[in-house]
Amino acid sequence: MADEQMRSHYAGTLTPDQIGETVRLAGWVDRRRDHGGVIFIDLRDASGIVQAVLDPAAFPEAGELRMEYCLSIEGVLRRRPEGTENPEMPTGLIELGVGELTVLAPSDPLPFMLNDRSEADELTRLAYRYLDFRRPHMAETLRHRGRATASMRAQLSELGFLEVETPTLIASTPEGARDMLVPSRLRQGSFYALPQSPQLFKQLLMIGGVDRYYQIARCYRDEDFRSDRQLEFTQLDIEGSFWTATDVQDTIESAVVAATEAVRGLTVPTPFERLTYRDAMDRFGSDKPDMRFGMELVDLSDVFASTGFRGFAGALEAGGVVRGINAGALDLSRSGLDALVASAVDLGAKGMVWAVVEDDGTLRSPVAKFLSDAERAGVTEALVAKPGDTLLLVADRWHLAVEVLGQLRLRLGRPDGHDELRFVWVVDFPVFEETDDGGLAPSHHPFTQPHSVDEMRDNPREALSHAYDLVLNGSELGSGSVRIHDPDTQRQVFDILGITPAEAESRFGWFLRALRFGTPPHAGFAVGIDRLLAILVGADSIRDVIPFPKTQRGIDPMTGSPSPVTDEQLRELGVDLRPEVRLAIDQTPDETADPTPDPGGMLPE
RNA sequence: GGGGGCGUGGUGAAGUCUGGAGUUCACGCCGGCCUGUCAAGCCGGAGGUCGCGGGUUCAAAUCCCGUCGCUCCCGCCA
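What counts as what
- Residues numbered from 1 in each chain as written.
- Chains lettered and ligands numbered in written order.
- Predicted model: local features only at pLDDT ≥ 70, side-chain atom pairs only at ≥ 80, totals over all residues.
- Near = placed C-beta within 6 Å.
- Helix = DSSP H or I, 4+ residues; strand = E, 2+ residues; numbered from the N terminus.
- Nonpolar A, V, L, I, M, F, W, Y, C, P; charged D, E, K, R; others polar.
- Pairing = 2+ DSSP bridges.
- Buried ≥ 20, exposed ≤ 12 C-beta atoms within 10 Å, placed from the backbone.
- Axes fitted to C-alpha atoms, helices over the stretch in contact; angles between N-to-C directions.
- Parallel < 35°, antiparallel > 145°, perpendicular 65-115°, else oblique.
- Left-handed = near helix turned anticlockwise from the far one by under 90°.
- Contact = placed C-beta atoms within 7 Å.
- Core = buried A, V, L, I, M, F, W, Y, C linked by C-beta atoms within 7 Å.
- pLDDT = per-residue confidence, 0-100.

### Comments concerning the protein's contact with RNA strand B
Then step 1. Around RNA strand B sit 58 residues, and of these G36, G37, G176, H445 and Q552 come closest.
Then step 2. Every element with two or more residues in the surface near RNA strand B is listed here: β1 (22-34), β3 (48-54), α1 (122-127) and β19 (440-442).
Then step 3. Classifying every residue of the surface near RNA strand B gives 21 nonpolar, 19 polar and 18 charged.

Right, here's the structure in full:
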């Protein structure tokens, strides 16, 4: 067998044109149908499935075949007998009359069924991810991902971008997310960090004259998991010199369009819509607005400018706003409406007012009696309310009011699924955002170019930056910015952030030094490939588009990682475990790498 | 760190609210029959600490407490 050709064709590519040809296939038993005098095997390979027909008189061993046995078969391709064609199958007109059968490898009974009709528990699927990949849906997802990244590479290569690899063992710069750390053996007591992004390295490439860089880069953030967050994730990372924000956005659009074509087979229109951060917050109550539906926030501050209703008057006097949404025909009971108010309070609002438009156009609301005729009419008009509509009003500080309504808007109006794709750029983010203790933190990262250095210095809380996010269907796909290329601006940003020159030197000295050697103006972006793919293929979680993801506690149920290491390994690294940690490990029962019991008891004796 | 959902033969589900014999359905597994099926069919069979521990009760998959695992969300994620 070793020197023979193992296969001549792919099963799924066979057509009636090849009837009469002798073909050799290799693949797996997808289904077996043993009729006693004739045995049908659906043979599956990476391309698809074709039916093979075996005569048990010629192949006594055929009765032993079970699902997922790996086979090589040879035979003559023939038309199926009249009346036995299967129109559901791409190869349903033909079948292979088997003349030679070799079992390349038998298979144990399966821990779960590999069809797409029912889905096994995700933990089991992850413990046997290689079997999961044999399911048509997962196989298709892997192909989608491969095609998407290939198309993005092709597009950027076409545009003259150079793929450059940046290191994954770098210095820890404790900013933002928690770093994943790797102890150094050669320099005991020191640690590498895994990159949260290639940010500073790609900027160094610009300083180095690379001009146009991209990389499909693995990034690491040691924070808690979500359905759209893993410890390690993949970004399409780009950077260009002598670039404006628009140049970056055009390039990212072309790459994202290429990926969408590769996966969905459709071309989304460009340029993508653009919203300023301020407009996004004002109209949708979110910096990642879902543009697939309306229910926009409406400013009602003018309507209530001289209101006698204390709840609103107080908020307005304190410099706040009144905002509302028309949630449409919710048809909620009194307790359902009260539950909405409770969820608004959970989101941080001091309260919320609901009003239902009656058939005669009047408002039914707990506060209706406090409102003037003009106010009631003004609300109805501003929210374009018609009978049956439920209106929700929040009066509070601007940020809180719009965010609370933005959350309720999503809860009440967000479509299921992702058939429609609505990309939007959110631009002109503030340079800084307020922290809980009233200080300032970078809104994106501290290397983002402000619109105006003077404005930033004079009014840091209001100053805008050349930072922008790409949003798809309400999910943040990535962010980017024009970078600071001049050391003085960089110094002033650090100054406003309260980072002393000494601190800046110790954390980023190597980078600040580089900025002093004729740094070109440059800009860039990073797209989260996992999130993009999840939406494009309609997955609920990025785990479905990551080949080998981890569970919410950071475990790989197949390999058992992370796992304790030997004392010898720790000694070499100069690392010791804290006594209580060592005690906890010693008391933990030895978990095997495979948490799923072998399907024993069903195996033949 | 906080809140919610789930955990039942190898797999998927029902049973849990309203306690009464490990009951049911489908797939898979084992044995048998069967020459045109394609989720093949028919007959027979095996397979269980109802995640784990404790409590209430004459009696617990079911109610209560705790715990572990998976998951969703908040915090966190420059």
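There is more to say, and it comes next.
### Here's the deal with the sheet that holds strand β13 (residues 321-326)
Then step 1. Spatially, the five strands line up as an open sheet ordered β12-β13-β16-β14-β15, and their pairing is antiparallel. Single-partner strands in this sheet number two, and they are β12 (298-299) and β15 (363-364).
Then step 2. Summarising the sheet, strand β14 (residues 353-357) and β15 pair through two bridges and their orientation is antiparallel. When the sheet's bridge partners are listed, V357 is paired in β15 with L363.

### With respect to the pairing of strand β16 (residues 390-396)
Each regular strand carries side chains that alternate between the two faces of the sheet.
Then step 1. Counting buried positions along β16 gives seven out of seven residues, so the element sits mostly inside the fold.
Then step 2. On β16, burial covers both faces: T390, L392, V394 and D396 on one face and L391, L393 and A395 on the other are all buried.
Then step 3. Looking at chain direction, β13 and β16 are connected through six bridges and run antiparallel. Pairing of V321 across the sheet is with D396, part of β16.
Then step 4. The pairing of β14 with β16 spans four bridges and is classified as antiparallel.

### Some thoughts on the packing of helix α5 (residues 245-264) against helix α14 (residues 529-537)
Then step 1. Where α5 contacts α14, the axes come no closer than 10 Å and their chain directions differ by 40 degrees. The angle between α5 and α14 places the two elements in the oblique class. The hand of the α5/α14 crossing is right-handed. Between α5 and α14, the residues in contact are V256, A259, T260, V263 and R264 and L532, L536 and V537, respectively.
Then step 2. Here the residues of the contact of α5 with α14 sort into six nonpolar, one polar and one charged.

### Quick word on the nonpolar core
Then step 1. Formed by 89 residues in total, the largest nonpolar core has its most connected members in L392, V527 and L532.
Then step 2. Of all the elements, α5 adds the most residues to this core, at nine residues.
Then step 3. One finds L25, I41, L43 and I49 within the second-largest nonpolar core, a separate group that totals 20 residues.

### A short note on the sheet that holds strand β10 (residues 232-241)
Then step 1. Strand order in the open sheet formed by eight strands is β6-β9-β10-β22-β21-β20-β17-β11, with mixed pairing between adjacent strands. Here the strands that pair on one side only, and so sit at the sheet edges, are β6 (162-163) and β11 (273-276).
Then step 2. Contacts from helix α4 (residues 199-207) reach β9 (212-220), β10 and β22 (522-528) within the one sheet, and its direction differs from that of β10 by about 25 degrees.

### A word on the confidence of the model for chain A
Then step 1. Confidence in the prediction for chain A averages 92 pLDDT; 96% of positions are at 70 or higher.
Then step 2. Long-range and interchain partners of residues 590-605, a stretch whose pLDDT sits below 50, account for 13 contacts in this model, where long-range means more than four residues apart.
Then step 3. Confidence metrics for the complex model read pTM 0.93 and ipTM 0.92.

### Focus: the packing of helix α3 (residues 136-158) against α5
Then step 1. Viewed as axis vectors pointing N to C, α3 and α5 meet at an angle of 145 degrees, and their least axial separation amounts to 8 Å. In the packing of α3 onto α5, the handedness of the crossing is right-handed. Together, H144, R147, A148, S151, M152, Q155 and L156 of α3 and S254, A255, A258, A259, E261, A262 and V263 of α5 make up the contact between the two elements.
Then step 2. Here the residues of the contact of α3 with α5 sort into eight nonpolar, four polar and two charged.

### Examining the environment of P450
Then step 1. Tracing the backbone through its elements, the reader meets P450 in the loop between β19 and α11 (453-458).
Then step 2. Among the residues examined, P450 registers 24 C-beta atoms within 10 Å and is labelled buried.
Then step 3. Through-space distance from the C-alpha of P450 to that of A46 is 51 Å; in sequence the pair is 404 residues apart.
Then step 4. Apart from residues lying up to four places away in sequence, P450 is in contact with V431, E455, M456, A463 and S465.

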